[in-house]
Amino acid sequence: MAATIKKASKDLIDEVRRWAAMKQTGVSLRYMTEFGSRPTPRNLLISAQFLHKELPIRVARRAVELESLPYGLSLKPAVLKVRDWYLESFRDIRSFPEIKDNNDELGFTQMIKMVKVRHNNVVPMMALGVQQLKKDLNPKIVYEDLDEIHQFLDRFYMSRIGIRMLIGQHVALHDPDPPPDCVGYIHTKMSPVEVARNASEDARSICLREYGSAPDINIYGDPKFTFPYVPTHLHLMVFELVKNSLRAVQEQYMDSDEVAPPVRIIVADGLEDVSDEGGGIARSGLSKIFTYLYSTAKNPLDDQSDVDPETATTMAGYGYGLPISRLYARYFGGDLQIISMEGYGTDAYLHLSRLGDSQEPLP
């Protein structure tokens, strides 16, 4: 693949721009659930034929948008790398022949599975691009005033969630032995308490690795309470919120003789509240927590020019955890709110929209 979009063939660029001008088609979750509940060879063929036409439009739009970002962000090495991934994926999908039978469908499914893997590290790589930009910006610039960049990243990441949902759902429907009550990615009887427990254990293990100890986590709620949702999305959001709380409490009590207070997760009907006594967020920082150029932690890329964002897993510092979590909540019509009392602690309220009967097209 060409090193940058400018070096890519003119024919490819022209085709990308032509497809980027086409209208994308939204798919409702209700349709996904009903259609996916019967993963017959005919339905899988129809799904693949739809994705064969739909994915190039969505991928092309992102590739074109990556070409004209403000403040020179498009020219940062990490962003050029992401752009190349989108161009490669566009080329792979468009060069796949028309899908006429189930053998074609299986080949197409393997190909889009590889596309999804190629894009696994788009978020940390874009975060690196933003960090590269920050180093070049005038330090007097107020980062939350860079609206164009924040709006682009919101659109870009929301579109990425949609693309990965479409590919992941199609691929998951090929599972010959799906877990009970699962329709592809969608769990029709997901227990938010169970997901919160798993996500908390994952976050706590990272805290233990980073600091050598970790606060306890207490979860309150009925494990038998269930509703339809995508467990991987909820896991990502709770993991991010709990990780932030653990870090705040750990650093607040690191040099104290007092026992660190536990992080609390309260699961109610359609709401998850993650609360901590980690000292809260400074009022000056509260307005910035959902921007992509801000983190309360030291950036892990600052001191290590050779760090690989594709393999780096740290407690904090890239500045995209909260804004991305809010996008995941909003993707299905929910939201994320942060309320903080400086000097005491923080409450993160995750509002989840039940997915049952929604006929609204997803982004």
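Going by the structure above, here's the rest.
Residues numbered from 1 in each chain as written. Predicted model: local features only at pLDDT ≥ 70, side-chain atom pairs only at ≥ 80, totals over all residues. Heavy atoms only, no water.

Caption draft 1: Geometry of the packing of aromatic side chains. The tally for this structure, following the rule as stated, stands at ten aromatic pairs. With centroids separated by 5.5 Å and ring planes inclined at 55°, the aromatic side chains of tyrosine 86 and phenylalanine 156 adopt a geometry described as tilted. You can see tyrosine 86 sitting in helix 4 (residues 77–94) and its partner phenylalanine 156 sitting in helix 7 (residues 147–172), a full 70 residues away along the chain. You'll find tyrosine 86 and phenylalanine 156 in the same group, each marked buried. (Phe/Tyr/Trp six-rings, centres within 6.5 Å; stacked < 30°, edge-to-face > 60°. Helix = DSSP H or I, 4+ residues; strand = E, 2+ residues; numbered from the N terminus. Buried < 20%, exposed > 50% of the residue type's maximum accessible area, 1.4 Å probe, protein only.)

Caption draft 2: The pattern of salt bridges, seen in detail. Within this structure, the stated rule accounts for 16 salt bridges. Where arginine 62 meets glutamate 65, a salt bridge forms, and the shortest distance between an N and an O atom there is 3.0 Å. Of the two residues, arginine 62 and glutamate 65 are both situated in helix 3 (residues 41–65); the distance of three residues between them amounts to about one turn of the helix. Glutamate 65 matches arginine 62 in its accessibility class, with the two residues each being buried. Beyond isolated ion pairs, a larger network of salt bridges with shared partners links Arg62, Glu65 and Arg155. (Salt bridge = Lys/Arg side-chain N within 4 Å of Asp/Glu carboxyl O.)

Caption draft 3: Region of interest: the layout of surface pockets. Estimated volume of the second largest pocket: approximately 250 Å³. What lines the second largest pocket is a set of 15 residues, and nearest its centre among them are Val27, Tyr31, Phe35, Ser47 and Phe50. Elements supplying a minimum of two residues to the lining of the second largest pocket: helix 2 (29–36), helix 3 and helix 7. Broken down by class, the residue content of the lining of the second largest pocket amounts to nine nonpolar, six polar and no charged. (1 Å grid on protein atoms, 1.4 Å probe; cavity = no way out; pocket = protein on both sides within 12 Å on 5 of 7 lines; lining within 4 Å. Points joined across faces, edges and corners; volume = space filled by probe spheres on them. Nonpolar A, V, L, I, M, F, W, Y, C, P; charged D, E, K, R; others polar.)

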